[in-house]
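One-letter residues, chain by chain:
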Amino acid sequence: MKFKFLGIIVFIILAVMYMVGREEVHNLTIAGSTSVQPIAEILSEEFEKQHSGVRINVQGGGSSAGVKSTQSGTADIGMSSRELKSNERGLFETIIALDGIGIIVNTANPITELTMEEVRKIFTGEIRNWKEIGGIDAPITVVNREAGSGTRGAFEEIIMGPYDFLDKIIIQGSNGAVRQTVAGDINAVGYISLVALESRVKALNIEGVVPNPETIKAGDYKMSRPFILLTKKEPEGLIKEFIDFALSQEGQRICKEEGLITVR
Amino acid sequence: MRGDSEREILKVSAFLSTIVVFLIAGFVLWQGLPILRREGLFSFILGREWVPSKGRFGVYPMIIGSIFVTFGALLFGVPLGVACAIFLAEVAPEWMVRLFKPTIQLLAGIPSVVYGFFGLTAVVPMIRMYLGGTGFSALAGSIILAIMILPTIINISEDAMRAVPKEYKEGSLALGATEWETTIKVVLPAARSGIAASIILGMGRAIGETMAVLMVTGNTPHLPQVERNISPFLKVFWLFLEPVRTLTGNVVLEMSYATGDHQSALFATGIVLFIMIIILNVLANMAFNRR
């Protein structure tokens, strides 16, 4: 009786090992920015379809994790949604697309437009009530990303400059969590990658410019940042094939369909 | 002979599972000590600013945040849990116990991220609507944690009350005490070390919980502040409506981005959490072994 039970457990373990073992191995690991992750997944799917036997494993973790794992070799390709810092140099960078950053508010918020200075003043805490910028009389709930996030890095660079964020600020850990927070709070404002934009929230015009691929490519909409693929050295073999695919007409078409701005 | 080798296998198993604890503790210390040595333990613990990009590492706001949500969770969870345990052990008829107990145990099996999502979509908006503020607050964390520690408190307290010898109760009833008086004055005191243990374990779970808290507390790395001119006692209530970041939340939120000093500071945050939990356990043991 006891041995029968043990036998069943051993059998299950062996069966799982067999099933896992006969899966094809991943021959390419991509890791990093959660903003780049969705587009990398779609590109990988297409790439796998065209190259039978190739399996690509796409992981998140954030831009800094992408840099780290590329340096250490745990990832073949790293993803970053911000320019690399001075202490992160030495990697081979390929920009595959540009992404806009949208300032989002609740759909019930009457505000449709802000200047970059107003956005900065909201995030530094100089403007604390919506009525100060023509909205309803209600305190603004400011939603920020966590330190180290690529989206936050780009936002700091473009909007904040040397100014500090206000103390009383909500911090959420992903584009999705910021979107969820803003969708649920009529007085909230946050910023997310335009790829993650959904109709549950509203992206504001900045300096009178609608955020869309045309305005970003033309440089009229100022808040954008590069999506970068990182490799340890100059790409070769399968890694080069994948990066070339991302830059190919088809890869760029996929980027465009996902709301990104093409670079080729 | 056979007995010997089996004993050896058991010994090795025990040794291995113990050594894992020391390995993990050692690793966290090894990773976190550099920053503690440079910044000094006290300026790290009492530092009020957490700005990793500028090399300022102070976890005081996070310590306060952890204490806030844990204390709040106990405030809601202990009375509710102990009352529920009394009901199950002393008052409820058999069929109710058979219905309630598995349901409460089910509560312990729900993954914490589900609690967090519930908090984010139900508790946070409710606080925002009825109490004001953003809703992301120590209070939201406390409410979610209170629900999460209920099974621990209820199960252990109930077991402790059921373990009270029948003679105690019979003696009390024979002396003319009512059922209620017997419960409050005889059963509860006799089971107090078990109830205390349940509270300590619940507190341990609350202070170590991460995902659910992360989703509802707002995570701002600053001390909760209220700009109101009211007495300090009333102020505490308003402070609960402010966003806070806990020690665990600090580690998880920034872990994937951290390098160098920042990473070391996150491990040091882990050390602080570790020390807090050890202090809690020692205090609890001291208080309840003395009787």
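Residues numbered from 1 in each chain as written. Chains lettered and ligands numbered in written order. Predicted model: local features only at pLDDT ≥ 70, side-chain atom pairs only at ≥ 80, totals over all residues. Heavy atoms only, no water.

**Section: the overall build of chain B**
Threshold: A run of DSSP states H or I qualifies as a helix once it reaches four residues; a run of E qualifies as a strand once it reaches two. Both are numbered from the N-terminal end. Relative accessibility decides the category of a residue: with a 1.4 Å probe and only protein chains considered, values under 20% of the type maximum give buried, values over 50% give exposed, and everything between is partly exposed. Pairs of residues are marked as contacts when any of their non-hydrogen atoms sit within 4.5 Å. Values of accessible area rely on a 1.4 Å probe in the Shrake-Rupley scheme; residue burial ignores everything except the protein chains shown. Charge assignment: positive for Lys and Arg, negative for Asp and Glu; neither His nor the chain ends contribute. The atom standing in for a charge is NZ when the residue is Lys, CZ when it is Arg, CG when it is Asp and CD when it is Glu.
Tallying secondary structure elements over chain B gives 13 helices and two strands in all. Counting only residues that meet the buried cut, chain B has 43% of its 291 residues in that class. Sequence separation of at least 24 residues holds for 74% of the intrachain contacts in chain B that already meet a minimum separation of 6. For chain B, the accessible surface area stands at approximately 15700 Å², while carbon and sulfur atoms represent 70% of it. Charged side chains of chain B number 22 positive and 18 negative; the gap between the two group centres comes to 5 Å.

**Some thoughts on the packing of aromatic side chains**
Cut-off, in case you're wondering: Stacked, tilted and edge-to-face are the three classes applied to pairs of Phe, Tyr and Trp rings, where Trp contributes its six-membered ring and a pair requires centres within 6.5 Å; stacked means planes under 30 degrees apart, edge-to-face means over 60, and tilted covers the rest.
Taken as a whole, this structure holds 13 aromatic pairs over all chains when the rule is applied. Ring centres 6.2 Å apart and planes at 70 degrees place the aromatic pair F123 of chain A and F165 of chain A in the edge-to-face group. Taken together, the positions of F123 of chain A in helix α4 (residues 116-124) and F165 of chain A in the loop between α5 (150-160) and β7 (170-172) put the pair 42 residues apart, joining distant regions of the chain. With respect to class, F123 of chain A is no different from F165 of chain A; both count as buried. Here F87 of chain B and F100 of chain B contribute two aromatic rings whose centre-to-centre distance is 6.2 Å and whose plane-to-plane angle is 35 degrees, an arrangement assigned as tilted.

**Structural notes on the interface of chain B and chain A**
Using the following cut-off: Throughout this description, the term salt bridge denotes a Lys or Arg side-chain nitrogen within 4 Å of a carboxyl oxygen of Asp or Glu. Here a polar contact means two N or O atoms within 3.5 Å. Within protein one must be a hydrogen donor candidate and the other an acceptor candidate, and residues neighboring in sequence count only if both atoms are side-chain atoms. Here the term charged refers only to Asp, Glu, Lys and Arg, the term nonpolar to Ala, Val, Leu, Ile, Met, Phe, Trp, Tyr, Cys and Pro, and the term polar to all other amino acids, Gly among them.
Each side of the interface is counted separately: chain B has 25 residues, and chain A has 24 residues. Scanning the region where chain B abuts chain A turns up two salt bridges. Between K168 of chain A and E242 of chain B there is a salt bridge, and its shortest N-O distance comes to 3.5 Å. Where chain B packs against chain A, one counts seven residue pairs in polar contact (both at pLDDT 80 or more). Contributing elements (two or more residues each) for the side of chain B that touches chain A: α5 (112-130), α10 (211-216) and α12 (247-255) of chain B. The dominant element in the side of chain B that touches chain A, judged by the number of residues it contributes, is α5 of chain B, at three residues. Along the lines of polarity and charge, the residues of the side of chain B that touches chain A split into 10 nonpolar, 10 polar and five charged.

**Some words on the packing of helix α8 (residues 237-247) of chain A against helix α9 (residues 249-257) of chain A**
Residue and element names in this part refer to chain A. Under the convention used in this document: In this analysis an axis means a line fitted to C-alpha atoms, helices contributing only their contacting stretch, and an angle means the value between N-to-C directions, from 0 to 180 degrees. Orientation labels follow simple angle bins: below 35 degrees gives roughly parallel, above 145 gives roughly antiparallel, 65 to 115 gives roughly perpendicular, and whatever is left gives oblique.
Where α8 meets α9, the closest approach of the two axes is 4 Å, and the angle between their N-to-C directions is 60 degrees. Between α8 and α9, the crossing angle belongs to the class labelled oblique. Residues F245, A246 and L247 of α8 lie in contact with α9, whose contacting residues are Q249, E250, G251, Q252 and I254. Residues belonging to the contact of α8 with α9 are distributed by class as follows: four nonpolar, three polar and one charged.

**With respect to the domain arrangement of chain A**
Residues and elements named next belong to chain A. How we decide: Domain limits in this description derive from either an automatic procedure or a database domain assignment. Buried area: the accessible surface (1.4 Å probe) lost by two parts on joining, summed over both.
Taken domain by domain, chain A consists of domain 1 (25-98 + 226-262) and domain 2 (100-224). For domain 1 versus domain 2, the distance between C-alpha centres works out to 27 Å. Listed as interface residues are 12 residues of domain 1 and, on the opposing side, 11 residues of domain 2. Contact between domain 1 and domain 2 buries roughly 1000 Å² in total, counting both sides, with carbon and sulfur atoms accounting for 57%. At the surface where domain 1 touches domain 2, the tally comes to zero salt bridges. Across the contact surface, domain 1 and domain 2 share three residue pairs in polar contact (both at pLDDT 80 or more). Breaking the side of domain 1 that touches domain 2 down by element, the ones donating at least two residues are α3 (63-72) and β12 (261-262). Looking at side-chain class alone, the side of domain 1 that touches domain 2 contains three nonpolar, seven polar and two charged residues.

**Digging into the environment of I8 of chain A**
Residues and elements named next belong to chain A. Looking at where I8 falls in the secondary structure, it is placed in helix α1 (residues 2-22). Of the residues examined, I8 reaches a relative accessible area of 47% and is grouped as partly exposed. Along the backbone, I8 and L84 are 76 residues apart, and their C-alpha atoms lie at a distance of 52 Å.

**A word on the nonpolar core**
Residue and element names in this part refer to chain A. Going by this rule: To form a nonpolar core, buried Ala, Val, Leu, Ile, Met, Phe, Trp, Tyr and Cys residues must be joined to one another through side-chain atoms within 4.5 Å.
Ranked by internal contacts, the top residues of the largest apolar core, which has 89 residues, are I103, I122, F123, F155 and I206. Setting aside residues no more than four positions away along its own chain, F155 makes contact with I101, I103, V119, F123, M160, F165 and Y191. In terms of nonpolar packing, the next biggest core, distinct from the first, is built from 25 residues, A40, V58, M79 and F242 among them.

**A short note on the packing of helix α3 (residues 60-91) of chain B against helix α4 (residues 94-109) of chain B**
Residue and element names in this part refer to chain B. Basically, it comes down to this: The hand of a helix crossing depends on one turn: near helix anticlockwise from the far one by less than a right angle means left-handed, and clockwise means right-handed.
In the contact formed by α3 and α4, the axes pass within 10 Å of each other and the chain directions differ by 145 degrees. Along this stretch, α3 crosses α4, giving a crossing that reads as left-handed. Residues C84, F87 and L88 of α3 touch α4, and the partners they reach there are M96, V97, F100, K101 and I104. In terms of residue class, the contact of α3 with α4 is built from seven nonpolar, no polar and one charged.

**Observations concerning α3 of chain B**
Count 3.6 residues to each turn of an α-helix, and residues three or four apart come out pointing the same way. Quick reminder of the rule: Multiplying 1.5 Å by the helix residue count minus one yields the expected span of that helix. Fitting axes to the seven residues that end at a residue and to the seven that start at it, the angle between those axes gives the bend at that residue.
When the terminal C-alpha atoms of α3 of chain B are compared, their 45 Å separation across 32 residues agrees well with the 46 Å that a helix rising 1.5 Å per residue should span. A bend of about 30 degrees at G77 of chain B is the largest found in α3 of chain B, and the proline P79 of chain B appears one to four places after it.

**A short note on a nonpolar patch on the surface**
The test is simple: Patch building starts from residues that exceed 30% relative accessible area and form no salt bridge, then joins like charges within 9 Å and nonpolar side chains (Val, Leu, Ile, Met, Phe, Trp, Tyr) within 5 Å.
Nonpolar side chains collect at one region of the surface, where F3, F5, L6, I9, V10, I13, L14 and M17 of chain A lie side by side and expose about 850 Å² of accessible area between them. Residue position: I9 of chain A is located in helix α1.

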